[in-house]
Amino acid sequence: MAGAMLVGSAGSAAAQAQSRMRVLVPAFVNAEGKSTRDGGRLADQVRKQINQMPTHAPAEEKAWKDALKKFGLRESDMDCIKWRQLAAQGDVAALVLCGTLDESTSAVTAAFYPVGGGDAFEVPQFALQAPEQGAQQVVQAFETYVRQLSLVTYCNDYINSQNWQQALDLCTQAIELNPRSVSANYARGSALMNMDRNEEAFDAYRKVLEFDPLHQDAMLAAGILASKLGRQDVSQQYFQEYLALNPGDDNVRLSIAHDLANAGDPAGALRLVEEAAAGGEASVALLEYTGHFAMNAGLELQRTGPANGNMDAANAYFNKAITYYGRAVDIKGDTADATVLRNLMLAYKNVGNQPQALAMGQRATANSEDGQTWLVYSDVLRDAGRTNDALAAMDRAARLDPTLPGIAFRKAAMLLGEGQIDQAVAAVRAGLASNSIQTDQAENIAQMIAVRGYNVTQEGRPEAAMRFFTSAREIGKSERTVGMINFFNGYALVRQADGMLREATTAAPARRAMPILERAKVMLDGAGAYTEQAAQRANLLENVRQYMEMARALIDMG
């Protein structure tokens, strides 16, 4: 029984040794790169102490000597780079310890290098007093390195599970143990970027590039973050450095541009691809995507309004979109992409080239079953004054794609713009019934109709304004909208009564004006929710009071 237990223990120990990660520890060398007696003794002690670790073991001497022999190398000719290459090619170890021992000062410097790349770890310099003491300091530093690697692993696990704060905490701890850790700084940047702490993330990626200037993922991330932070020149510099590592690859260029556009910088994406797209050998895909980036850059500026020359800048982007889309369409002919044709039509519309917008619209819709294309064509037709055709195109869009957002609102607004008030109200009511128009959009149309009534009143036709207020009430139900309608309606009634009473000297016009004034008071009393005109409402109510006194006096006089 005792023998069986001994055999079992020996087998477990052997299995444990085989499962530990191997560390190749060559002799420490002097300033000339030559091994010395003290350097060899220090390496022996480091191997012994590493062998006491549960996670690591020294590479077997036979393994690395066999590898030297296999590759025709002599131990005396080896340096740190060659030891690392030998460990990788000979499958000798996962880590290599390279160290020097200055014979004049006894100063020891050392660093652990992962085979195949990864974080190196520098042992803090110390003075050698004895091999055992020196080995203890090296191995203590190595244990710190192992802990740091473990923290980075856990940090990356939390990043994969999108637990950003936990990942950040662990990576920060790893950096405290090894400030030059590329993997810890990169993972920390990823956590910060996902937490929208962009300035800190940018600094983390810059730190990665300080330690590893060719870290391509860090270049991309730093470029995107620089763009988000409004540092376009810095962003482009990082991307150009990345492209310099991948010259002549349009797919790489497009991939970066996509990332940049998705980060909210289509103009930056355009700058990345435009140089390549301008050449005569540009692919159709590159031309199309260059057009997309230019189009989106223009639309972004267009949304900001006409201030500070935005519209001129937007038109410059739209013209670029026209150029690149046009080249792509010329190449593909009848097989041109539907999205490209639609965007080309929109670009012509936005720069005010109505004939080309109409021509492209006819081409884009010739065999199109795309509701969005028909919707854009409807806008082009409306701008050309072809309202009936525009409405027909809009109806076609709705039939092709009932999920298109805002189509009922756009139809109502178009009808209202053409003065077709009843039809606009009918379109809103139908949209509300089918849930294809939002309540706030219906209120918007109602308010627009009420403003039309006010404008008619200002033109001196208060009687004609009444139909606008009646129509607005059919679809405007919010307190504010009702208050606005009542205010404009009351104002129109006051103007109507004013026309009757201003020159009146008999009872007849006063009798006609009195019910109008009474209704005006009811309207204005019900306009309290339209708070923007509170002071004007009070003035109008006072006018109503005075007019009613005047009318009563005339009526009493007979």
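Residues numbered from 1 in each chain as written. Predicted model: local features only at pLDDT ≥ 70, side-chain atom pairs only at ≥ 80, totals over all residues. Heavy atoms only, no water.

Explanation requested: the overall build of the protein chain in the structure shown.
Along the protein chain, the regular secondary structure elements total 25 helices and 5 strands. In terms of overall dimensions, the protein chain is more spread out than a globule: its C-alpha atoms have a radius of gyration of 40 Å, far above the 24 Å expected for 558 residues. The buried share of the protein chain, taken over its 558 residues, is 45%. Across the protein chain, every contact between residues at least 6 apart in sequence was considered, and the portion connecting residues at least 24 apart equals 56%. When the accessible surface of the protein chain is totalled, it reaches about 27900 Å², and 48% of it is carbon and sulfur. When the 53 positive and 64 negative side-chain charges of the protein chain are each reduced to one mean point, those points stand 4 Å apart. (Helix = DSSP H or I, 4+ residues; strand = E, 2+ residues; numbered from the N terminus. Rg over C-alpha atoms; globule rule 2.2 N^0.38 Å. Buried < 20%, exposed > 50% of the residue type's maximum accessible area, 1.4 Å probe, protein only. Contact = heavy atoms within 4.5 Å. Areas by Shrake-Rupley, 256 points an atom, 1.4 Å probe, with all protein chains shown as cover. Lys, Arg positive; Asp, Glu negative; His and termini not counted. Charge placed at Lys NZ, Arg CZ, Asp CG, Glu CD.)

I would appreciate a short explanation of the packing of aromatic side chains in the present structure.
The geometry of an aromatic ring pair comes down to the distance between the two centres and the angle between the two planes. A complete count under the given rule lists 14 aromatic pairs for this structure. Here tryptophan 374 and tyrosine 377 contribute two aromatic rings whose centre-to-centre distance is 6.1 Å and whose plane-to-plane angle is 65 degrees, an arrangement assigned as edge-to-face. Taken as a pair, tryptophan 374 and tyrosine 377 lie in helix α17 (residues 371–383) at a separation of 3 residues, close to a single helical turn. Neither residue differs from the other here; tryptophan 374 and tyrosine 377 are each classed as buried. Through successive ring pairs, a cluster of aromatic residues spans Tyr454, Phe487, Phe488, Tyr491 and Tyr530. Between arginine 467 and the ring centre of phenylalanine 468, over which it is positioned, the NZ or CZ distance is 5.3 Å. (Phe/Tyr/Trp six-rings, centres within 6.5 Å; stacked < 30°, edge-to-face > 60°. Lys NZ or Arg CZ within 6 Å of the ring centre and 35° of its normal.)

Teacher, can you tell me more about the nonpolar core here?
One recurring pattern in soluble globular proteins: nonpolar side chains tend to sit buried together. Ranked by size, the top nonpolar core spans 140 residues in total, and within it Tyr205, Ile256, Met295, Ile445, Ile449 and Leu501 carry the most contacts. It is helix α23 (residues 479–501) that provides the largest number of residues to this core, a total of 10 residues. The contact partners of methionine 295, leaving out residues within four places of it in the chain, are Phe318, Ala321, Tyr325, Asn343, Leu346, Ala347 and Asn350. (Core = buried A, V, L, I, M, F, W, Y, C linked by side-chain atoms within 4.5 Å.)

What is the right way to look at unusual backbone geometry in this model?
Peptide bonds are, in most cases, trans, and in most cases residues other than glycine have a negative phi. Notably, serine 106 is not glycine yet its phi reads approximately 65 degrees, a positive angle. Look at serine 106 and you get partly exposed, because its relative accessible area is 30%. Phi is positive for asparagine 435, close to 60 degrees, though the residue is something other than glycine. Among the residues examined, asparagine 435 registers a relative accessible area of 70% and is labelled exposed.

Just checking my understanding: could you explain the layout of surface pockets for this structure?
Empty space among the atoms can be located by rolling a probe the size of a water molecule over them. Within this model, the largest pocket holds a volume of roughly 370 Å³. As for the largest pocket, its lining consists of 17 residues, and the residues nearest its centre are Tyr113, Gly118, Asp119, Ala120 and Phe121. Contributing elements (two or more residues each) for the lining of the largest pocket: β4 (107–114) and β5 (121–127). Of the residues belonging to the lining of the largest pocket, the class tally is 8 nonpolar, 4 polar and 5 charged. (1 Å grid on protein atoms, 1.4 Å probe; cavity = no way out; pocket = protein on both sides within 12 Å on 5 of 7 lines; lining within 4 Å. Points joined across faces, edges and corners; volume = space filled by probe spheres on them. Nonpolar A, V, L, I, M, F, W, Y, C, P; charged D, E, K, R; others polar.)

Just checking my understanding: could you explain the packing of helix α2 (residues 37–50) against helix α5 (residues 131–160) for this structure?
When two helices pack together, you describe them by how their axes are tilted relative to each other and by the distance separating the axes. Interhelical geometry of α2 versus α5 gives an angle of 50 degrees and a closest axis separation of 8 Å. As far as their axial angle goes, α5 and α2 are oblique. By crossing handedness, the relation of α2 to α5 is classed as right-handed. Contact with α2, carried on its side by Arg41, Leu42, Gln45, Val46, Gln49 and Ile50, involves Pro131, Glu132, Gly134, Ala135, Gln136, Val138 and Val139 of α5 and no other residues of that element. (Axes fitted to C-alpha atoms, helices over the stretch in contact; angles between N-to-C directions. Parallel < 35°, antiparallel > 145°, perpendicular 65-115°, else oblique. Left-handed = near helix turned anticlockwise from the far one by under 90°.)

Help me understand helix α24 (residues 507–525), please; the structure alone is not making it clear to me.
Residues spaced three or four apart along an α-helix face the same direction, because each turn holds 3.6 residues. Counted at 1.5 Å a residue, the expected span for α24 with its 19 residues is 27 Å, and the 27 Å between its end C-alpha atoms agrees. Where α24 bends most, the angle comes to about 30 degrees, and this point is alanine 513, followed within four residues by the proline proline 515. Residues of α24 that are buried include every one of Ala507, Pro509, Ala510, Ala513, Met514, Ile516, Leu517, Ala520, Met523 and Leu524, and no others. The elements touched by buried residues of α24 are α22 (462–475), α23 and α25 (534–557). (Expected span 1.5 Å × (residues − 1). Bend = angle between axes of the 7 residues up to and from the residue.)

Whenever I open this one, the side chain of aspartate 265 confuses me. Can you help?
Of note, aspartate 265 is situated in the loop between α11 (250–262) and α12 (266–277). For aspartate 265, which is buried and forms no salt bridge, the nearest opposite charge comes from arginine 271, at a distance of 4.2 Å. Only 2.7 Å separates the side chain of aspartate 265 from the side chain of serine 227, close enough to count as a polar contact. Among residues more than four places away in sequence, those in contact with aspartate 265 are Ser227, Gln232, Leu260 and Arg271. (Salt bridge = Lys/Arg side-chain N within 4 Å of Asp/Glu carboxyl O. Polar contact = N/O pair within 3.5 Å; in protein donor to acceptor, adjacent residues only side chain to side chain.)

Would you mind showing me how to read helix α10 (residues 232–245) here?
Here α10 is 14 residues long and its end C-alpha atoms lie 20 Å apart, about the 20 Å a rise of 1.5 Å per residue gives. Taken together, the buried positions of α10 are occupied by Ser235, Gln236, Tyr238, Phe239, Tyr242 and Leu243. The arc that holds the buried residues of α10, viewed along the axis, is 160 degrees, so those residues lie on one side. When the buried face of α10 is taken as reference, the exposed residues oriented beyond 90 degrees from it are Asp233 and Ala244. Turning to α10, the residues buried within the fold contact α8 (198–211), α9 (216–228), α11 and α12. (Arc of directions from axis to C-beta.)

When you look at the environment of asparagine 319 in this model, what are you seeing that I'm missing?
Examined against the element boundaries, asparagine 319 turns out to sit in helix α14 (residues 310–332). Between the C-alpha atoms of asparagine 319 and alanine 347, which are 28 residues apart in sequence, the distance is 7.2 Å.

Help me understand the packing of helix α13 (residues 284–303) against helix α15 (residues 338–350) in this model?
Relative orientation of the contacting elements α13 and α15 amounts to 40 degrees, with a least axis distance of 11 Å. Judged by the inter-axis angle, α13 sits oblique to α15. Of the two elements, α13 crosses α15, and the hand of that crossing is left-handed. Here Glu288, His292, Met295, Leu299 and Gln302 of α13 come into contact with α15, specifically with Thr339, Val340, Asn343, Leu346, Ala347 and Asn350.

Could you clarify how one ought to interpret the pairing of strand β1 (residues 21–24) in this entry?
Two faces make up the sheet, and in a regular strand the side chains alternate between them. Two strands pair when backbone bridges link them, and β1 and strand β2 (residues 56–58) are joined in this way by 3 bridges, in the parallel orientation. Residue pairing across strands places arginine 22 opposite alanine 57, the latter belonging to β2. Where β1 lies against strand β3 (residues 95–101), 2 bridges are found, and the strand directions are parallel. Paired with leucine 24 across the two strands is valine 96, which belongs to β3. (Pairing = 2+ DSSP bridges.)

Would you take a moment to explain the pairing of β3 for this structure?
Within β3, 6 of the 7 residues are buried, which leaves it mostly tucked inside the rest of the structure. Bridging between β3 and β4 involves 7 bridges; their strand directions are antiparallel. Within β4, the residue paired with threonine 100 across the bridge is threonine 109. Counted along the chain from β3 to the antiparallel partner β4, the turn is 5 residues long, and its residue serine 106 has a positive phi close to 65 degrees.

By themselves, these observations are geometric and do not establish any function.
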